[in-house]
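Each chain, written out:
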Amino acid sequence: MSNITENAPILQVTDLYVAYGPILALHGISLEVHKGELVSICGVNGAGKSTVLKAIAGVLKPRSGSIRFKGKDVTGWKPEQLHKHGMALVPEGREIFPSLTVEENLRLGAFGRYQARRFAEDLEDFFTLFPILKERYHQAGGLLSGGEQQMLAIARGLISHPDLLMMDEPSLGLSPNRVDQIFELIMELKSRGITILLVEQNAQRALEIADRAYLFSNGRVEYAGRPQDMAGKVDITSVYLGGQKGGDVE
Amino acid sequence: MNAQIFFEFAINVLSMGSLYALIALGLVFVFGICKLINFAYGEFITVGAYVLYFLGVFTSLPWPLVFLIGILSSVAVGYLSELVAFRPFRGRSLDALLVTSFAVSVILQRLFQLGISPRSKAVPVPAFFNMNIELFGLTTPLRNLLIIAITVVLLLILTVIMKYTVLGVAMRGASENFVTARLMGVPANLVISVAFIISGFLAGVVAIFWTARTGSAEPLMGMSPLLIGFIAVVIGGMHSLPGAVVGGYVYALIANILSLTLPTSLLSFRDAVMFAIVIAFLVLKPEGLLRGNYQEERVG
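Conventions adopted
Residues numbered from 1 in each chain as written. Chains lettered and ligands numbered in written order. Predicted model: local features only at pLDDT ≥ 70, side-chain atom pairs only at ≥ 80, totals over all residues. Helix = DSSP H or I, 4+ residues; strand = E, 2+ residues; numbered from the N terminus. Buried ≥ 20, exposed ≤ 12 C-beta atoms within 10 Å, placed from the backbone. Contact = placed C-beta atoms within 7 Å. Nonpolar A, V, L, I, M, F, W, Y, C, P; charged D, E, K, R; others polar. Pairing = 2+ DSSP bridges. Axes fitted to C-alpha atoms, helices over the stretch in contact; angles between N-to-C directions. Expected span 1.5 Å × (residues − 1). Arc of directions from axis to C-beta. Parallel < 35°, antiparallel > 145°, perpendicular 65-115°, else oblique. Left-handed = near helix turned anticlockwise from the far one by under 90°. Core = buried A, V, L, I, M, F, W, Y, C linked by C-beta atoms within 7 Å. pLDDT = per-residue confidence, 0-100.

A. Local environment of the overall build of chain A. In terms of helices and strands, chain A carries 10 helices and 10 strands. Looking at chain A as a whole, 48% of its 250 residues qualify as buried. A separation of at least 24 residues holds for 70% of the contacts in chain A among residues at least 6 apart in sequence.

B. Structural context of the interface of chain A and chain B. Taken together, the 27 residues of chain A in the interface contact 22 residues of chain B. Secondary structure elements with two or more residues in the side of chain A that touches chain B: α2 (79-84) and α3 (102-109) of chain A. Class assignment for the residues of the side of chain A that touches chain B results in 12 nonpolar, eight polar and seven charged.

C. Layout of the sheet that holds strand β3 (residues 38-42) of chain A. All names here are of chain A. What the six strands build is an open sheet, ordered β6-β7-β8-β3-β9-β10; its pairing is mixed. Because the sheet does not close on itself, it has two edges, and the strands there are β6 (87-90) and β10 (220-225). Neighbouring strand axes in the sheet, compared pairwise and without regard to direction, differ in orientation by 15 degrees on average. Judged from the four bridges that link them, strand β7 (residues 164-168) and strand β8 (residues 196-199) form a sheet pairing that is parallel. Residue pairing for β8: Asp 168 is matched across the bridge by Val 199. This element, helix α1 (residues 49-56), spans β3, β6, β7, β8 and β9 (212-217) of the sheet and lies at about 145 degrees to β7.

D. Structural view of the sheet that holds strand β2 (residues 23-33) of chain A. Residues and elements named next belong to chain A. One open sheet accounts for four strands, arranged β2-β1-β4-β5; its pairing is antiparallel. At either end of the open sheet lies a strand with only one pairing partner, and these are β2 and β5 (72-73). With two bridges joining them, strand β4 (residues 64-69) and β5 adopt antiparallel strand pairing. Across the sheet, residue Arg 68 finds its bridge partner in β5, namely Asp 73. Against the sheet, α1 makes contact with β1 (11-20), β2 and β4, and its axis sits at roughly 110 degrees relative to β1, the strand it touches most.

E. View of the pairing of β10(A). Residues and elements named next belong to chain A. Pairing geometry for β9 and β10, over five bridges, is antiparallel. Residue pairing across strands places Phe 216 opposite Val 221, the latter belonging to β10. Linking β9 back to β10 in an antiparallel pair, the connection comprises two residues, with Asn 218 at a positive phi of about 50 degrees.

F. How the structure looks around the environment of A:Ile132. Structurally, the position occupied by A:Ile132 is in helix α5 (residues 131-135). Sequence-distant contacts of A:Ile132, defined by excluding residues within four places in its chain, comprise A:Glu148 and A:Met151.

G. Geometry of helix α4 (residues 94-115) of chain B. Residue and element names in this part refer to chain B. Over its 22 residues, α4 extends 31 Å from the first C-alpha to the last, a length consistent with the 32 Å expected when each residue adds 1.5 Å. Turning to α4, its buried residues number three or more, namely Leu 97, Thr 100, Ser 101, Val 104, Ser 105, Leu 108, Gln 109 and Phe 112. Seen end-on, α4 carries its buried residues on one side only, within an arc spanning 165 degrees. The exposed residues of α4 that point more than 90 degrees off its buried face are Asp 95, Arg 110 and Leu 114. Along its buried surface, α4 packs onto α1 (3-34), α2 (41-58) and α3 (63-86).

H. Quick look at the packing of α1(B) against helix α10 (residues 223-236) of chain B. All names here are of chain B. α10 packs onto α1 with a crossing angle of 80 degrees between their chain directions and a minimal axis gap of 8 Å. Taken as axis vectors, α1 and α10 run roughly perpendicular relative to one another. Mapping the contact onto sequence places Tyr 20, Ile 23, Ala 24, Gly 26, Leu 27 and Val 28 in α1 and Pro 225, Ile 228, Gly 229, Ala 232, Val 233 and Gly 236 in α10. Counted by class, the contact of α1 with α10 contains nine nonpolar, three polar and no charged residues.

I. Local environment of the packing of α10(B) against helix α11 (residues 241-261) of chain B. Residue and element names in this part refer to chain B. Running from N to C, α10 and α11 cross one another at 110 degrees; their axes reach a closest spacing of 7 Å. For the element pair α10 / α11, the angle class is roughly perpendicular. Like other packed secondary-structure pairs, α10 and α11 cross with a definite hand, here right-handed. For the pair α10 and α11, contact is made by Ile 228, Ile 231, Ala 232, Val 233, Ile 235 and Gly 236 and by Gly 243, Ala 244, Val 246, Gly 247, Gly 248, Val 250 and Tyr 251, respectively. Of the residues contributing to the contact of α10 with α11, the split by class is nine nonpolar, four polar and no charged.

J. Highlighting the nonpolar core. Ranked by size, the top nonpolar core spans 156 residues in total, and within it A:Met166 and B:Val206 carry the most contacts. Among the elements that make up this core, the one with the highest residue count is helix α9 (residues 188-214) of chain B (16 residues).

K. Spotlight on unusual backbone geometry. You will see that A:Asn218, though not glycine, has its phi angle at about 50 degrees, which is positive. Mapped onto the elements of the fold, A:Asn218 is located in the loop between β9 and β10. Take A:Asn218: there are 14 C-beta atoms within 10 Å of it, and that puts it in the partly exposed class. Positive phi, close to 55 degrees, is recorded for B:Lys35, a residue that is not glycine. Positionally, B:Lys35 belongs in the loop between α1 and α2.

L. Geometry of the confidence of the model for chain B. Residue and element names in this part refer to chain B. Across chain B, pLDDT averages 91, with 97% of residues at or above 70. The model gives residues 295-300 a pLDDT under 50, and that stretch makes eight contacts with residues more than four places away or in other chains. Prediction confidence for the complex, expressed as pTM and ipTM, is 0.89 and 0.88 respectively.

M. Summary view of the environment of B:Tyr20. Residues and elements named next belong to chain B. Looking at the secondary structure, you find Tyr 20 in helix α1. Sequence separation between Tyr 20 and Leu 65 is 45 residues; the distance between their C-alpha atoms is 24 Å. Contacts of Tyr 20, omitting those with residues within four sequence positions, involve Ile 228, Ala 232, Gly 248, Tyr 251 and Ala 252.

Spelled out as C-alpha cells, the structure:
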C-alpha cells in the first residue's frame, strides 16, 4: 500500500474492545508501534496484556475498534492472513509442537512465507543466535527444557521475517539465568532493527529495554509513554505487583 | 496348530486388519485436525460403493477407471460435506459439529433410500479379485493379498507425505495445536479440507474392498465400517495415526482369535465379547495403545 509514510506507525490499535463471551476484557485499548521500536506492555495478571496480543494476531475477534497494520485495516483478519502479511506472535506458554522435531517446528514457522533458500541461510544465522537449536535439531520439541523451548518459539517466530514480532511473556516460568538469556536475546533482536511488541510480567526488565511502554490495568491503558517517566506518573507498585523477578523453576 | 492353519490365520488377520486399518485411519485423519468424530464417514464409503455399482452395472469402463472414479466420488463427498455442512459450524462447540455429522450421515442415508433403493444392490466384482492364489499350500482369493499390498503402499505414501512434505508437517502441527499452527500461517481451511480429502480417499479404497467382500451396496451399509473404525480407534488411540493402524490390526487379530477359539455355540456372541474388550480398553486404557502427543506439554 502506498499510504505508509515515514511517521505512520506500523501497528495502530484504536479503541479496541474484546470480550470473552459476556465478559469484557479490553475496554477501549489504543496503542501504536513504530518501525524499529521495542514497545513493552506491562500490568498485573488479568489486565488484558495477552488478550490484546491475541486480538492483534487475529486469534480473538474484537467486538469493536480497529487494528491497522502496515497501512492496512486488518481488523477481523484471520491469523494465517496476518502472518502472511508480516506479523508473528510468540505465544504465551511457548506452544511448541511437542512431537515435531526442532527442524519441523522451524519449517512450520516459515509456512506462510516459505522460501527454501532463505530458510537455509536463516538456519546458519539462528544456530549462532541459538546454539542449542543446532544440537537439538532433530529432537522432538517436547523433549526440550522450558528455556530451550522458549528459544525455539522465538526462532520459530523470527524465521518468517516478520515486520512485527510480538512476544507474550517470554520469560514466564524460566530460571533467572534463562531470563537473562532471553532479555539479552531481545536486545540483540532490537539492535538488528526488528520491531517488537513485548508483553511481560517481569515489568522491571521489560521497562529497562523498552523504547516506549504501556501500563495496562483492568483492560484499559493506565499509562503510555517513556518507561523512565513512568515511575513519576503512576503508582509504580501496581506495575511491580505483576512482576516478581524471574520465575520459580525451569 | 499346524503350519497351514497358521498361514490361513495370518492371511485372514492381515487382510482384515489392513481393511480395518484404512477405515480407522480415515476417521483419525479428520479427528486429529478437527477433534470431530465424524459419523458421516460410513456414508463416504457408501457413496463409493454405489458409484462402483452404477459404473460396474451400467457401463463397460475398465476396472482401474471404475475404481478411480469410485475413489474420487468418496473424496468429493468428503470434501463437499466439509464445505457445506461442517465449515459453517466451525468455531462452534464440538457438540454442534457432532450433531452436524449425525445430520450429514442421516441425510445421505435417506437420499440413498429414496434416490436409489432401500434394498441392496449387487455390486459387480472383477473376476481377478476372487481368483484363487496358491500360497504356502493354501488357497486364498487374490483380493486378500491385494488389500494387504495396497495398504502397505498407502501407508508408505501417507508416511512420506506426513513426514517429509511441508503440508504434512503442517497437518501434524495443526493436529497438535490448531491455533498455534494458524499463527504460523497454516490456513485453517487448507488443512481441514486436506484432512477430509484424505479421509474420503481412504473411504473410497475401503469401498472397493468392502463391496468385494459383501458383494453389495445398500443405504445403511456405512454403519458397520463406522463401528469397526470406532473400535479400532478406541483400541489403538484416537490421537495418533500409527495408533489407528495398530488398532485396525489388533482388532482383526482379536476377532480372528475369537472366531478360532470360541466354541460353535458361543460364536454368535463374538461381537458381544468384542464389545466387552472395547469397554475394558475404555476403562483401563482410555488413551489407547499409542498415546500420541495431543495437548501434551512438558512443564518447566
